[in-house]
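Chain by chain, the residues:
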Amino acid sequence: MSESNAEAVASAVASATEAATEAAAGGWRRTTGLAGVAIGVVAAGAAAGVAIERLTVGRGMRQKARLALDSAGPYGGLRGTPGKAYADDGTELYYEVDDVEPAAESALTRRRRRLFGRKAPASVTVVFSHGYCLNQDSWHFQRAALRGVVRTVHWDQRSHGRSARGASQGRDGAPVTIEELGRDLRAVIDAAVPEGPIVLVGHSMGGMTVMALADAYPDLVRERVVGVALVGTSSGRLGEVNFGLPVAGVNAVRRVLPGVLKVLGQRAELVEKGRRATADLFAGIIKRYSFASRDVDPAVARFAERMIESTPIDVVAEYYPAFNDHDKTEALAHFADLPVLVLAGVRDLVTPSEHSEAIAGLLPEAELVLVPDAGHLVMLEHPELVTDRLADLLARAGAVPAAATVEGYGSTSSTAGPG
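Keep in mind that what you see is a predicted model, and the values were worked out from it rather than measured. Along each chain, numbering runs from 1 in the same order as the chain's sequence is written. A pLDDT threshold of at least 70 governs which residues receive local features in this predicted model, and a stricter bar of 80 or more applies before side-chain atom pairs are shown or counted, although totals over entire chains, interfaces and linings include all residues. Hydrogens and waters are ignored; side-chain quantities use all the structure's heavy atoms.

Asks: How should I be thinking about the overall build of the protein in this particular structure?
Replies: Within the protein, the secondary structure is distributed over 17 helices and eight strands. Burial classes: relative accessible area under 20% of the type maximum marks a residue as buried, over 50% as exposed, and values in between as partly exposed (1.4 Å probe, protein chains only). When the 419 residues of the protein are sorted by exposure, 54% land in the buried category. Here the accessible surface of atoms and residues is derived via Shrake-Rupley with a 1.4 Å probe, and residues count as covered only by protein chains that are part of the display. Carbon and sulfur atoms make up 54% of the accessible area of the protein, which amounts to about 18,200 Å² in all. Elements are defined by DSSP. Helices are runs of H or I of four residues or more, strands are runs of E of two residues or more, and each kind is numbered from the N terminus.

Quick look at the structure:
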């Protein structure tokens with residue numbers, strides 16, 4: 001990079017941070033000014049990348065590119081049979097079921113018999129739980145690969161996707177808790193999988209939801225769960241994560257962010273306008289904290305961006321306190337006798353892979369897979385690897401024959417490999 005270009009990048013980074021600091025207005029300028037400082041620190045690396053892009057690509061061109069990706073992107077369009085479950089506070093939870101079609105089931109039965117003999121395994125339902133600021137479509141590739149192989153359930157966590165806003169949050173202003181999400185998952189299971197064996201799959205917050213379910217309903221796990229996959233998640237101590245920031249930066253974020261998010265959530269309409277106005281900067285932040293490899297399909301990156309953009313700022317604020325309070329380390333013991341897959345990206349800045357290693361350390365029989373060139377959204381970044389490991393888990397749980405492993409569902413990288 002030339003000296004003049006380097007100066008331009010530095011200037012753009014400074015401008016981005018300054019703009020974030022000055023984003024506030026009226027009586028809340030001082031509070032959100034602190035937010036600007038914190039967010040500016042988080043955004044600095046992403047802003048540098050955005051600044052470099054701005055040197056060669058105009059704003060209008062970037063907007064056209066986003067629109068083109070939105071219209072042509074094939075991701076997130078899979079739909080199943082819709083259903084509704086109701087949480088204990090009355091929140092309506094949306095889910096979809098992908099059933100195995102009779103013709104496919106007949107062919108699959110023959111394949112199962114070749115592996116298991118005449119004693120075919122019982123029909124299993126795989127229940128997928130998504131992460132913070134995402135929705136059920138985040139499992140797009142795995143859903144596509146497993147269609148026709150095994151029955152699956154995909155649901156949207158409260159206030160995400162097609163599920164309703166949390167009733168207790170809207171009615172009482174209560175923050176979300178991970179324990180509440182565990183109860184929500186139980187409501188979905190009761191509605192969508194009232195009987196039969198289950199494999200639980202959770203990414204990030206979804207993995208925490210699975211742990212909370214086990215903590216609250218150990219009998220359900222003991223009697224019906226036959227396998228568990230925990231992807232890019234943590235059993236606790238999230239308050240120690242540094243998000244790839246220097247010490248001073250992360251301390252600033254931890255100090256001001258909870259209060260700032262609360263204030264921003266109370267000014268949701270104004271903040272949403274600000275998010276749209278700074279779409280380029282936030283796209284850079286999203287990419288930095290979602291992916292690690294350089295060759296991610298732009299349509300996949302835009303797909304992730306759209307999911308995250310669709311989460312309102314007040315929902316972001318409602319959920320944030322739950323992560324510092326989350327500690328389900330003891331609940332992992334309920335998975336000790338089950339086939340377990342623990343998988344994470346080595347370059348995950350949101351839930352670092354050390355947290356997955358800690359989980360695997362408490363579950364010695366678990367399969368630990370660390371993906372070297374992967375960030376937080378590993379199931380979108382390296383979908384074939386994640387799908388293959390998940391299929392292996394299903395085979396170990398007796399749900400499908402090993403031959404059911406499916407490849408070719410849109411790998412975004414040729415550099416992935418097991419750790």
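Asks: Just checking my understanding: could you explain helix 13 (residues 298–309) for this structure?
Replies: Three or four residues apart is the spacing at which side chains of an α-helix point the same way, because the helix has 3.6 residues per turn. Multiplying 1.5 Å by the helix residue count minus one yields the expected span of that helix. Across its twelve residues, helix 13 extends 16 Å between first and last C-alpha, which sits within 8% of the 16 Å expected from 1.5 Å per residue. A large share of helix 13 lies buried, amounting to nine of its twelve residues. Turning to helix 13, its buried residues number three or more, namely Ala299, Val300, Ala301, Arg302, Phe303, Ala304, Glu305, Met307 and Ile308.

Asks: How should I be thinking about unusual backbone geometry in this particular structure?
Replies: Leaving glycine out, the prevailing phi sign among residues is negative, and the prevailing peptide bond configuration is trans. A positive phi angle is found at Cys133, which is not glycine, with a value near 65°. When you line up the elements, Cys133 lands in the loop between strand 3 (125–129) and helix 5 (140–146). Cys133 gets classed as buried once you look at its relative accessible area, which sits at 10%. If you check the backbone angles, Ser159 has positive phi at about 70° while not being a glycine. Mapped onto the elements of the fold, Ser159 is located in the loop between strand 4 (151–155) and helix 6 (167–172). For Ser159, a relative accessible area of 7% gives the class buried.

Asks: What's the story with the confidence of the model for the protein in this structure? I'm lost.
Replies: Detailed reading of the predicted coordinates is not advisable wherever pLDDT falls low. What pLDDT expresses is the predictor's confidence in each residue, scored from 0 to 100. With 63% of its residues at a pLDDT of 70 or more, the protein has an overall mean of 77. Throughout residues 111–120 the model reports pLDDT below 50, and contacts reaching past four residues in sequence, or to other chains, amount to 16 contacts. Note on contacts: a residue pair qualifies if any of its non-hydrogen atoms lie within 4.5 Å across the two residues. Low confidence marks residues 407–419, where pLDDT is under 50. Its contacts with residues over four positions away, or in another chain, come to 37 contacts.

Asks: Sorry, what's going on with the packing of aromatic side chains here?
Replies: Each aromatic ring pair is summarised here by two numbers: the centre-to-centre distance and the angle between the ring planes. Aromatic pairs are defined between Phe, Tyr and Trp rings, using the six-membered ring for Trp, whenever the two ring centres lie within 6.5 Å; interplanar angles under 30 degrees are classed as stacked, those over 60 as edge-to-face, and all others as tilted. With the rule as written, the count across this model stands at five aromatic pairs. Ring centres of Tyr75 and Phe141 lie 5.2 Å apart, and the angle between their planes is 55°; on these two criteria the pair is classed as tilted. Pair noted here: Tyr75 is in the loop between helix 3 (59–72) and strand 1 (81–86) and Phe141 is in helix 5, with a separation of 66 residues, a long-range link. In terms of burial, Tyr75 and Phe141 fall into one category: buried. Ring geometry for Phe128 versus Trp139: centroids 5.1 Å apart, planes at 55°, classification tilted.

Asks: Would you mind showing me how to read the pattern of salt bridges here?
Replies: Two side chains bearing opposite charge may form a pair once their charged atoms approach each other closely. Salt bridge criterion: a side-chain nitrogen from Lys or Arg within 4 Å of a carboxyl oxygen from Asp or Glu. Summed over the entire model, instances satisfying the criterion amount to 23 salt bridges. Here Asp137 ties to Arg79 by a salt bridge, and the two come within 2.9 Å at their closest N and O atoms. Of the two residues, Asp137 sits in the loop between strand 3 and helix 5 while Arg79 sits in the loop between helix 3 and strand 1, which places them 58 residues apart along the sequence. Asp137 sits in the buried class, given a relative accessible area of 11%. Since its relative accessible area comes to 30%, Arg79 is described here as partly exposed.

Asks: What am I meant to see in the side chain of Glu96 here?
Replies: By the element assignment, Glu96 lies in strand 2 (residues 92–98). A relative accessible area of 0% means that Glu96 is categorised as buried. Here Arg79 takes part through its side chain, which lies 2.8 Å from a polar atom of the side chain of Glu96. Within 3.5 Å is the distance limit for a polar contact, defined as a pair of N or O atoms, with the added protein rule that one can donate a hydrogen and the other accept it, and that residues adjacent in sequence qualify only through two side-chain atoms.

Asks: Sorry, what's going on with the pairing of strand 5 (residues 198–203) here?
Replies: Extensive coverage of strand 5 is indicated by the burial of six of its six residues. What you see with strand 5 is no split at all: Ile198, Leu200 and Gly202 on one side and Val199, Val201 and His203 on the other are buried throughout. Note that strand 3 and strand 5 share five bridges and pair parallel. What sits directly across from Val126, in strand 5, is Val199. One requirement defines pairing of two strands: DSSP has to find at least two bridges between them.

Asks: Where do I start with the sheet that holds strand 3 in this structure?
Replies: Through backbone hydrogen bonds, the strands of a sheet pair up, either in parallel or in antiparallel fashion. Spatial ordering of the open sheet is given by 1-2-4-3-5-6-7-8, a layout of eight strands whose pairing is mixed. Edge positions in the sheet fall to strand 1 and strand 8 (367–371), since each of these pairs with one other strand and no more. Averaged over all pairs of adjacent strands, the angle between strand axes in this sheet comes to 20°, irrespective of strand direction. Each axis is a line fitted through C-alpha atoms, and for a helix only the stretch in contact is used; angles between axes span 0 to 180 degrees, taken between their N-to-C directions. Sheet strands in contact with helix 8 (residues 205–216) are strand 3, strand 4, strand 5 and strand 6 (225–231), and its direction is about 135° off that of strand 5.

Asks: What exactly am I supposed to notice about the nonpolar core here?
Replies: If you look at soluble globular proteins, the nonpolar side chains tend to sit buried side by side. The biggest cluster of nonpolar side chains holds 43 residues, and the ones touching the most others in it are Val199, Val201, Phe291, Leu343 and Leu380. Considering each element in turn, this core owes the most residues, seven residues, to helix 13. If we skip the residues at most four places from it in the chain, Val199 touches Val124, Thr125, Val126, Val127, Val226, Gly227, Val228, Leu393, Leu394 and Ala397. For the purposes of this section, nonpolar cores are sets of buried Ala, Val, Leu, Ile, Met, Phe, Trp, Tyr and Cys residues that join through side-chain atoms within 4.5 Å. Membership of the second largest hydrophobic core comes to 33 residues, among which are Trp155, Met211, Ile359 and Ala366.

Asks: It is not clear to me how helix 17 (residues 383–396) should be interpreted in this structure. Could you clarify?
Replies: For helix 17, with 14 residues, the first-to-last C-alpha span of 20 Å sits near the 20 Å given by 1.5 Å per residue. Across the 14 residues of helix 17, ten count as buried, placing the element largely inside the fold. The set of residues buried in helix 17 consists of Pro383, Leu385, Val386, Thr387, Asp388, Arg389, Leu390, Ala391, Leu393 and Leu394. Immediately beyond the C-terminal end of helix 17, within one or two residues, lies Gly398, with a positive phi of roughly 80°.

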